[in-house]
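The residues making up each chain are set out below.
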Amino acid sequence: MCTSILYTAGDCYFGRNLDLEVSFGQEVVITPRDYRFNFRQMPALDHHYAIIGMALVQDNYPLYFDGANEEGLGMAGLNFAGPAHYFPVDDHKDNVSPFEFIPYILGQCKNVVEAKQLLKKLNLVKINFSDHLQLSPLHWLIADRSGKSIVVESTVSGLHVYDNSVNVLTNNPEFPGQLTNLANYQSISPEQPTNGLAPNIKIGFYSRGLGSRMLPGGMDSQSRFVKEVFTLQHAPAGASEVENVTNYFHCLHAVEQQKGLDEVAPNTFEHTIYSDGINLSTGTFYYTTYANHQINAVSLQHADLNNNTLAPFPLREQQSINMQN
Ligand SMILES: C[C@H](CCC(=O)NCCS(=O)(=O)O)[C@H]1CC[C@H]2[C@@H]3[C@H](O)C[C@@H]4C[C@H](O)CC[C@]4(C)[C@H]3C[C@H](O)[C@]12C
């Protein structure tokens, strides 16, 4: 499972938890403006916006899991097994494979409004990257520095684009179902509850935090969706970049998966392999990993963006502990 969010606090921060039982060997990868993006069915992009994000580089091609471009548009692919459906090539549409979808949008669009424009003609086609790397069943969160986000889901009934007023995406069910389910949790609050149970009887509070007592805490995608909506809606804005980044990671780590809790095969556990977040105004990409909770960062501004060579940054996986004596 995974969780992706857009946190607005002056600047906007976009990224995700990647939850899985195995690592693909992903790195932080900068794609500069003149790297040639070849597409299977669409014309190549020789010049485009520069992109920074988490990717697996295969045959000199960046298979992005999530990322953002220099204009502050971000995009993340999350598992959507079951409802996800991809189509045959349609000559009347723009045919893009799911593995090409992030470069296709981030390479060309400045914001969500421009992305929506491209999505009008889009057909997500069933074309594998290779026999070894088959298509993944995904849906996507796309967000920009104005604080807006949308969800893209390709199902048997076609391509759906939803405005996302809560700026959170997890996995199943389909996005409208996630929103409907929020109705069950409207009484959740940071405040102590009012007594609607027996208003004529005085019921005391034995604990702080009783307003969130019924908040779901499971590893499943519906529980994480509700918990993350609550966490993000009430997250304070910081007074500095460091405070904002700290708040942002608290939001994501609220729904991270610890090893041992989500068994997907005998003695095999899904866990949060990494959490990342990009300041969509500055292009600074921050991340933590399961092994290393220190926040590491790679800046798009510090890179030479006017060339055609991918710049990979291997993840820092060594835990960093400050000894004080
Ligand atoms: C599995 C990842 C999503 C995390 C997630 O939701 N896991 C939950 C699994 S489950 O529901 O609980 O079973 C997704 C996100 C991005 C995906 C990768 C990217 O799409 C890039 C390429 C695309 C290729 O077609 C397949 C390999 C791949 C390298 C993908 C592998 C995998 O499907 C990734 C890593």
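Because the structure is a prediction, the values reported are computed rather than measured. (Residues numbered from 1 in each chain as written. Predicted model: local features only at pLDDT ≥ 70, side-chain atom pairs only at ≥ 80, totals over all residues.)

Colleague: What is the right way to look at the environment of Gly177 in this model?
Modeller: Summarising the element assignment, Gly177 is placed in helix H3 (residues 175–181). A count of 12 C-beta atoms within 10 Å places Gly177 in the exposed class. Sequence separation between Gly177 and Pro312 is 135 residues, and the spatial gap between their C-alpha atoms is 38 Å. (Helix = DSSP H or I, 4+ residues; strand = E, 2+ residues; numbered from the N terminus. Buried ≥ 20, exposed ≤ 12 C-beta atoms within 10 Å, placed from the backbone.)

Colleague: Sorry if this is basic, but what is going on with the sheet that holds strand S16 (residues 284–289) here?
Modeller: Strand pairing in a sheet relies on backbone hydrogen bonds. The paired strands run either parallel or antiparallel. Strand order in the open sheet made by the six strands is S12-S1-S2-S15-S16-S17, with antiparallel pairing throughout. Every interior strand has two partners, whereas the edge strands, strand S12 (168–169) and strand S17 (296–299), have only one. In this structure, strand S2 (residues 11–20) lies alongside strand S15 (residues 271–279), joined through eight bridges in antiparallel fashion. Looking at the pairing, Tyr13 lines up with Asn279 of S15. In the packing of helix H4 (residues 221–233) onto the sheet, the strands contacted are strand S1 (2–9) and S12, and the crossing angle to S1 comes to about 15°. Across the face of the sheet, helix H5 (residues 241–253) comes into contact with S1, S2, S15 and S16 while running at roughly 150° to S1. (Pairing = 2+ DSSP bridges. Contact = placed C-beta atoms within 7 Å. Axes fitted to C-alpha atoms, helices over the stretch in contact; angles between N-to-C directions.)

Colleague: Sorry, what's going on with the site of the ligand here?
Modeller: Neighbouring the ligand are 21 residues, the closest being Cys2, Leu63, Phe65, Asn79 and Ser136. Only S2, strand S5 (61–69) and strand S6 (73–79) provide two or more residues apiece to the shell around the ligand. (Near = placed C-beta within 6 Å.)

Colleague: I keep staring at the sheet that holds strand S10 (residues 149–155) and nothing clicks. Help me out?
Modeller: Pairing is antiparallel in the open sheet, where eight strands are placed in the order S11-S10-S9-S6-S5-S4-S3-S18. Of all strands in the sheet, those with a lone pairing partner are strand S11 (158–163) and strand S18 (311–313), marking the two edges. Neighbour-to-neighbour, the strand axes of the sheet open up by a mean angle of 30°, direction not taken into account. When S5 meets S6, the two strands line up antiparallel, connected through three bridges. Residue pairing for S6: Asp66 is matched across the bridge by Ala76. Strands strand S4 (51–58), S5, S6 and strand S9 (138–144) of the sheet are contacted by helix H1 (residues 101–108), whose axis makes an angle of about 45° with S5.

Colleague: Looking at this model, I keep getting lost on the nonpolar core. Mind explaining?
Modeller: Nonpolar side chains tend to gather and get buried jointly when the protein is soluble and globular. Counting 72 residues, the largest nonpolar core has Ile52, Ile105 and Ile142 as its most contacted members. Contact partners of Ile105, with chain neighbours within four places excluded, come to Met75, Ala115, Leu118 and Ile142. (Core = buried A, V, L, I, M, F, W, Y, C linked by C-beta atoms within 7 Å.)

Colleague: Explanation requested: the pairing of S4 in the structure shown.
Modeller: Where a strand is regular, its side chains alternate between the two sheet faces. As judged from the five bridges shared by strand S3 (residues 27–31) and S4, these two strands associate in the antiparallel manner. Across the sheet, residue Glu27 finds its bridge partner in S4, namely Ala55. Where S4 lies against S5, eight bridges are found, and the strand directions are antiparallel. Within the sheet, the bridge partner assigned to Leu56 lies in S5 and is Leu63. Turn length for the S4-S5 hairpin, with the two strands adjacent in sequence and antiparallel, is two residues, and the turn residue Asp59 shows positive phi of about 50°.

Colleague: Sorry if this is basic, but what is going on with the environment of Ser189 here?
Modeller: Inspection of the secondary structure assignment puts Ser189 in the loop between H3 and H4. With 71 residues separating them in the primary sequence, Ser189 and Leu118 have C-alpha atoms 39 Å apart.

Colleague: What exactly am I supposed to notice about H5 here?
Modeller: Every α-helix winds through 3.6 residues per turn, so residues three or four apart in the chain are directed the same way. End to end, H5 covers 18 Å across 13 residues, agreeing with the expected 18 Å (1.5 Å per residue, within 8%). Taken as a whole, H5 has its buried residues at Asn244, Val245, Tyr248, Phe249, Cys251 and Leu252. For H5, the angular spread of the buried residues around the axis is 150°, confining them to a single face. H5 presents Val242 and Thr246 as exposed residues on the side facing more than 90 degrees away from its buried surface. Against the buried residues of H5 lie S1, S2, H4, S15 and S16. (Expected span 1.5 Å × (residues − 1). Arc of directions from axis to C-beta.)

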